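Coordinates in review
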Amino acid sequence: QVQLVESGGGSVQAGGSLRLSCAASGMTFSRYVIGWYRQAPGKQRELVATIGSGGSTNYADFVKVVGRFTISRDNAKNTVYLQMNSLKPEDTAVYYCNAQNLYNVYWGQGTQVTVSS
């Protein structure tokens, strides 16, 4: 059974940092593109960043402009990370881990990130 378990969310003040982790099990992790998405209250879920099996990364435009977030993966640990720095109140959302390849798409249950001003 495939599982994606997010951790590392929490409440921080503006300007703070958090590192989210997504631990995968029940899958050949290295064969999946892993992504982080987020969904703020009343808004649609949006892409934050993805990382390919070989480490190639892709970031949403709002991340590219400011470069505050960094996605990375450790295939030996079946884990993907999202380092978030200089957090802003508008980063408040539930952050979801996503794994996909040509045949399957999986989602984690999400971790809440709350940034206060």
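1. Quick notes on the state of the cysteines
- Counting across every chain of the model gives one disulfide.
- Disulfide pairing places Cys22 opposite Cys97 at an S-S distance of 2.0 Å. In this structure, the disulfide formed by Cys22 and Cys97 twists by about -75° around the S-S bond and is classed as left-handed. With Cys22 in strand β3 (residues 18-25) and Cys97 in strand β9 (residues 93-100), this residue pair connects regions lying 75 residues apart in the sequence.

2. Considering unusual backbone geometry
- Look at Asn78: it is not a glycine, yet its phi comes out positive at around 55°.
- Note that Asn78 resides in the loop between β7 (69-74) and β8 (79-84).
- Positive phi, close to 50°, is recorded for Ser86, a residue that is not glycine.
- By secondary structure assignment, the location of Ser86 is in the loop between β8 and β9.
- Taking the relative accessible area as the measure of exposure, Ser86 reaches 41% and is therefore partly exposed.

3. Details of the sheet that holds β7
- In spatial order, the strands read β1-β3-β8-β7; together these four strands make up an open sheet with antiparallel pairing. Single-partner strands in this sheet number two, and they are β1 (3-7) and β7. The mean inter-strand angle of the sheet, taken between neighbouring strand axes irrespective of direction, is 15°.
- Pairing of β7 with β8 involves six bridges; the strand directions are antiparallel. In the strand pairing of β8, Phe69 is matched with Met84.

4. Some words on the pairing of strand β11 (residues 111-116)
- Of the two faces of β11, only the one carrying Thr111, Val113 and Val115 is buried; Gln112, Thr114 and Ser116 on the other face are not.
- The pairing of strand β2 (residues 10-13) with β11 spans four bridges and is parallel. Note that in β11 the partner of Gly10 across the bridge is Val113.
- Note that β9 and β11 share three bridges and pair antiparallel. Of the residues in β11, the one forming a bridge with Ala93 is Val113.

What counts and how
- All residue numbers refer to positions counted from 1 along the written sequence of the respective chain.
- A pLDDT threshold of at least 70 governs which residues receive local features in this predicted model, and a stricter bar of 80 or more applies before side-chain atom pairs are shown or counted, although totals over entire chains, interfaces and linings include all residues.
- Computation of side-chain values covers all heavy atoms of the structure but excludes hydrogens and water.
- Pairs of cysteine sulfur atoms within 2.5 Å are what we label disulfides.
- A run of H or I in DSSP becomes a helix once it reaches four residues, and a run of E becomes a strand once it reaches two; helices and strands are each numbered from the N terminus.
- Three exposure classes are used, based on accessible area relative to the maximum for each residue type with a 1.4 Å probe and protein chains only: buried under 20%, partly exposed in between, and exposed over 50%.
- Any two strands are treated as partners once DSSP identifies two or more bridges connecting them.
- Each axis is a line fitted through C-alpha atoms, taken for helices only over the stretch in contact, and angles between the N-to-C directions span 0 to 180 degrees.

All we've got here are geometric facts, nothing functional implied.
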